Amino acid sequence: MRARTFWIGCLAPLTAHAFACCGVSPKGEVVKFLDQRNIIVWNAENKTEAFVRSARFKAKGKDFGFITPTPTVPKLEQVDPAAFETLEAAIKEHHDLFDNQLKGRGRGATAGAPGVEVVQIKKVGGYVATTVKAASASGLAEWMRENGYHTTRPIQNWTDFYIAKKWYLTAFKVDAEAGRAETGLVKLTFQTDVPFNPYYVPADNIPEAHEGTGLAIYFVADQVYDPTDARTALRTLEVVPISNVLKYKLRTQLKLGWVPKMPMLTLMADKGFPRESSDDVFFEPVVTTLFSSAYFAQLSSPVVRFDGGNL
């Protein structure tokens, strides 16, 4: 069968927005990740994260889906893809103000497999999303097979990693007729002690040659955040405040019950994503004066945008 490219993101004529942490498909058809744009809104007081992902990938076959890990049961809602434009507008607004001086991605499910608890099934944004908690990777593999998905040793290694941490896994099922799919953007809201971005990717989903433009994370909180591990390939590109006008616009687009009084946007990127990794990326507040010249001096050079321009 001829390989088809599926475009997932706000910029494609026909789009699908997915949580491509682990791509799965029936009959062992390969799903490869290309690039991603993610939004994280973090409420430190309530330890609540709102997570949105828009991804681009390619796959063989018309029928495929995704699994996303969270430490607690997520609330699922369809949201407005224009939120990405709002965050880009915050960056442009800041650049205009300071004259560019601060630089820096179906079918229902059953619960028949042993050791797999189906916590929720919800139709949202063109997906059938099923949140499960599994006792073992083998039990989850059986559940996946019962629901039409082929699994492999790398995928079982990936699921076992999160099962051992007692995390929940939410499977998103999308049916792409003639190699294309159109769905909505979905937000996961969940409790977590530390904000994180799914970064660990099964070996099956990593392309042999890098074909995409990498990973971009728009991190919104009441202060600046950076990855906890300095060895990560993520680099901070922008740190900008979000104006009140854009803050309330973002709140509506993402259906947020809470936004910081004075929100800061930290834009991070990894041009080499997806890459081999043994864990996800976690974030912590930056201990620095907000507009410290020393902090901004370490921000990375511009990277390629998903629309072909430069950040």
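Bear in mind that the values here come from a model prediction, so they are computed numbers and not experimental data.

Q: Honestly, the environment of Ala55 in this entry has me stumped. Any pointers?
A: Locating Ala55 in the fold gives a position in strand β4 (residues 48–59). The class of Ala55 is buried, set by a relative accessible area of 0%. Along the chain, Ala55 and Asn38 lie 17 residues apart, while their C-alpha atoms are 8.2 Å from each other.

Q: Just to check I follow, could you spell out the packing of aromatic side chains for this structure?
A: We describe a pair of aromatic rings using the distance from one ring centre to the other and the angle between the two ring planes. By the definition in use, this model includes 13 aromatic pairs. Both rings, one in Tyr162 and one in Trp167, keep their centres 5.5 Å apart while their planes meet at 40°; by these two values the pair is tilted. By the burial criterion, Tyr162 is buried, and Trp167 matches it. Aromatic pair Phe219 and Phe283: ring centres 5.0 Å apart, planes at 55°, arrangement tilted. You can see Phe219 sitting in strand β12 (residues 214–221) and its partner Phe283 sitting in strand β16 (residues 281–285), a full 64 residues away along the chain. An identical accessibility class is assigned to Phe219 and Phe283; each is buried. Here the aromatic residues Trp158, Phe161, Tyr162, Trp167, Phe190, Phe196, Tyr200 and Phe282 are joined through ring pairs into a cluster of three or more. Positioned above the aromatic ring of Phe84, the side-chain terminus of Arg37 is 4.3 Å from the ring centre. Taking NZ or CZ as reference, Lys165 lies 4.0 Å from the ring centre of Trp167, over its face.

So, how was this worked out
Residues numbered from 1 in each chain as written. Predicted model: local features only at pLDDT ≥ 70, side-chain atom pairs only at ≥ 80, totals over all residues. Heavy atoms only, no water. Helix = DSSP H or I, 4+ residues; strand = E, 2+ residues; numbered from the N terminus. Buried < 20%, exposed > 50% of the residue type's maximum accessible area, 1.4 Å probe, protein only. Phe/Tyr/Trp six-rings, centres within 6.5 Å; stacked < 30°, edge-to-face > 60°. Lys NZ or Arg CZ within 6 Å of the ring centre and 35° of its normal.

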